[in-house]
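Geometric and topological summary
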Amino acid sequence: MTTCAQRLIELLEAQGIDTVFGIPGVHTVELYRGLEHSRLRHVTPRHEQGAGFMADGYARASGRPAACFIITGPGMTNIATAMGQALADSVPMLVISSVNSVATLGRGQGRLHEMPHQGQTLAGVARFSHTLLDPEALPEVLARAFAVFQGARPGPVHIEIPIDLFAAPVKTPMPAAMRVFPPAPAPQALAAASRLLGEARRPLVLVGGGACAAATSVTALVERLDAPTLTTINARGLLGADHPLDLGATASLPAARRLAREADVVLALGTELGETDYDLVFDDGFELEGSLIRVDLDAEQLARSQIAELAMVADIGLTAEALLGALEPSEDKDRPQREAGRERCERVRHELALADDPELARYLPLFATLDEVLPEAIIVGDSTGPVYAGNVVARRPAPRRWFNAATGFGTLGYGLPAALGAGLARPDLPVVALVGDGGLQFVLGELATARDLALEADTTSARPLAILIWNNDGYDEIRRYMSADGVAHVGVDLAPPNFAALAQAFDCRYRQAASADDLASALSRLDDAGSPLIVEIDALAWCRQLEH
């Protein structure tokens, strides 16, 4: 007899899921029986929020979803924040939870972990939430989830299973795994887009995280158009580390905004044109005056934030390849006189003068050191000063090597657990968690998960994790806002813990860094042992030595 829990494991394996993050509970014991003989790897975080952030980091680093097994009630409210972050950034995540038995649903009898409407609560942070009432319907519901992951705008999907159905028999045979292919652009839309782009004198390309899987074709299209390109934070590195047409995530800065206003045709690929990528100064100052072409998998998103003249519901890679085929090469003599894209980019870079910006100066040696010592690393950030700066100045050699929680939902506590998920997804690359002392204290327990993963025999081939703590004694970003608004510093000046003692308690290596040389020395020894490396950067000392 195959039970519902066993069939769930079989279906996950068939769909390519290889990693599950979860904390067992009394309501999910039967679900864990199904894991006993499976190929799925189970990772136990110290909090369900950590499970969600780990699944998020896993997906961003690899492009593949992971699963979370979460208990009824408090487990679901704990993971809701991580689901909100994943929803905001269109990150695929499959959340499987228990819920109370079928006969007790909605009756308010004070059952263990009972919530009045658990599925409705989680629906607000998911692409959809489904309560399974018939075990035979499980393949259909999971197929819906993977249809979202593969063919639509991805995000978290929640499936809750009543505890009395985990052991229920499933009689229908195991179905074949469904594979969904995303839509290709309509020929009429391609013709119109290629005509607009072919006639453009000052084209501009906006690239979002939805284009990460299509780096090669998007780069070729940018080069064919000879168009300056603004990337979102989630698309950092898509054009490579030093592409002459890449202006990075500078859309909130005056010079880049002038470039956007002057563009006569703008091609937006896989970006929601949201505030935290284009308006970080919060003045609604990012304006497009030229013809806007938008390409996205979400039809409704095409009508949000900026109304397009031409909108395509289509896969970014398929669209970029089709446009490459439709556009004439740049040396075509009949093409209208076009301003050289590289020259336009150089003018913007000169105006931006990022290297001379005093707000960024303190962080530039940090990123120069990371580039020198760990050029291939995945850098996963929390909401902290170096991450805000890195969103503008960090150089990455490929997509999926820079992501953080400083945008979108903007939660604290993301960096460490998401970095753990990234390391599991890409054991071939070094991973750096770039966190602040305040944000790290949200998830200190996940240092134990980092230790566990380092001790597991099958992770010996993985690179050790580096955890860089920017210690500025509290919530410095909020302090700055308070100072600017004339508000007293209440609740933001926090005494940090003894990170050296914490490192020892969690079997991590520990180093201090007050300069770029100190940081380089610490990171150069990252591979000397398998245990995680904690590097505490004294922000005040770091800035002081830069002044001298």
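Everything in this summary refers to the structure shown in the same document. (Residues numbered from 1 in each chain as written. Predicted model: local features only at pLDDT ≥ 70, side-chain atom pairs only at ≥ 80, totals over all residues. Heavy atoms only, no water.)

1. Focus on a nonpolar patch on the surface
Note the following rule: Like charges are joined within 9 Å and nonpolar side chains (Val, Leu, Ile, Met, Phe, Trp, Tyr) within 5 Å, but only among residues with over 30% relative accessible area and no salt bridge; these make up the patches. Surface accessibility follows the Shrake-Rupley procedure with a 1.4 Å probe radius. Residue values consider only the protein chains on display as shielding. Should a side-chain nitrogen of Lys or Arg be within 4 Å of a carboxyl oxygen of Asp or Glu, the pair is scored as a salt bridge. Every helix listed is a DSSP run of H or I at least four residues long, and every strand listed is a run of E at least two residues long, numbered separately from the N terminus.
The grouping of Val102, Leu105 and Leu133 at the surface amounts to a nonpolar patch, some 230 Å² of accessible area in total. Within the secondary structure, Leu105 is located in the loop between β5 (93-99) and α5 (118-123).

2. Examining the pairing of strand β13 (residues 310-313)
Two faces belong to every sheet, and in a regular strand the side chains alternate between them. For clarity, the threshold we go by: Whether a residue is buried, partly exposed or exposed follows from its accessible area with a 1.4 Å probe, protein chains only, as a fraction of its type maximum: under 20%, in between, or over 50%, in that order. Two strands qualify as a pair provided DSSP detects at least 2 bridges between them.
Covered by surrounding structure in β13 are Leu310 and Met312 only, the residues Ala311 and Val313 on the alternate face being uncovered. Note: strand β12 (residues 291-296) against β13, four bridges, orientation parallel. By the bridge assignment for β13, Asp296 is matched with Val313.

3. Focus: the sheet that holds strand β2 (residues 19-22)
Strands belonging to one sheet form pairs held by backbone hydrogen bonds; the direction of such a pair is parallel or antiparallel. Applicable threshold: Here an axis means a line fitted to C-alpha atoms, over the contact stretch when the element is a helix, while the angle between two N-to-C directions is reported on a 0 to 180 degree scale. Residues are treated as being in contact if the distance between any of their heavy atoms lies within 4.5 Å.
Ordered by their spatial adjacency, six strands build an open sheet running β3-β2-β4-β5-β7-β6, and the pairing between neighbours is parallel. With partners counted over all chains shown, the strands left at the sheet margins are β3 (41-43) and β6 (128-131), one partner each. Ignoring which end each strand starts from, the neighbouring axes of this sheet average 20 degrees apart. In the sheet, strand β4 (residues 67-70) pairs with β5 via four bridges, with the strands oriented parallel. When the sheet's bridge partners are listed, Phe69 is paired in β5 with Ile96. This element, helix α4 (residues 74-88), spans β4, β5 and β7 (156-162) of the sheet and lies at about 160 degrees to β5.

4. Here we look at the packing of helix α14 (residues 364-373) against helix α21 (residues 516-523)
Our working rule: Roughly parallel covers angles under 35 degrees, roughly antiparallel covers those over 145, roughly perpendicular covers 65 to 115, and oblique covers all other angles. Should the near helix be turned anticlockwise from the far one by less than a right angle, the crossing is termed left-handed; should it be turned clockwise, right-handed. Each residue gets one label: Ala, Val, Leu, Ile, Met, Phe, Trp, Tyr, Cys and Pro are nonpolar, Asp, Glu, Lys and Arg are charged, and the others, such as Gly, are polar.
Packing of α14 against α21 leaves a shortest axis separation of 9 Å and a crossing angle of 30 degrees. In this view, α14 runs roughly parallel relative to α21, as classed from their interaxial angle. Between α14 and α21 lies a crossing of right-handed hand. Counting all contacts with α14, which are made through Pro365, Leu366, Thr369, Leu370 and Val373, the residues of α21 involved are Ala516, Leu519, Ala520 and Leu523. Residue composition of the contact of α14 with α21, grouped by class: eight nonpolar, one polar and no charged.

5. Some thoughts on the sheet that holds strand β9 (residues 203-207)
A sheet is described by the order of its strands in space; here five strands give the open sequence β10-β9-β11-β12-β13, paired in parallel fashion. Edge strands, defined here as strands with exactly one partner in the open sheet, are β10 (229-231) and β13. Direction aside, neighbouring strands of the sheet carry axes that sit 15 degrees apart on average. Contacting β11 (265-269), β12 and β13, helix α7 (residues 187-199) crosses the sheet at an angle of about 135 degrees to β13.

6. With respect to the packing of aromatic side chains
To keep things clear, this is the line we draw: Stacked, tilted and edge-to-face are the three classes applied to pairs of Phe, Tyr and Trp rings, where Trp contributes its six-membered ring and a pair requires centres within 6.5 Å; stacked means planes under 30 degrees apart, edge-to-face means over 60, and tilted covers the rest.
This model, assessed by the stated rule, comprises eight aromatic pairs. Considering the side-chain rings of Tyr32 and Phe69, the 6.1 Å spacing of their centres and the 80 degrees angle between planes classify their relative orientation as edge-to-face. In this pair, Tyr32 is assigned in helix α2 (residues 29-33) and Phe69 in strand β4, connecting sequence segments 37 residues apart. Residue Tyr32 is classed as buried on the basis of its relative accessible area of 17%. Arranged with centres 5.3 Å apart and planes meeting at 85 degrees, the rings of Phe146 and Phe149 form a pair that is edge-to-face.

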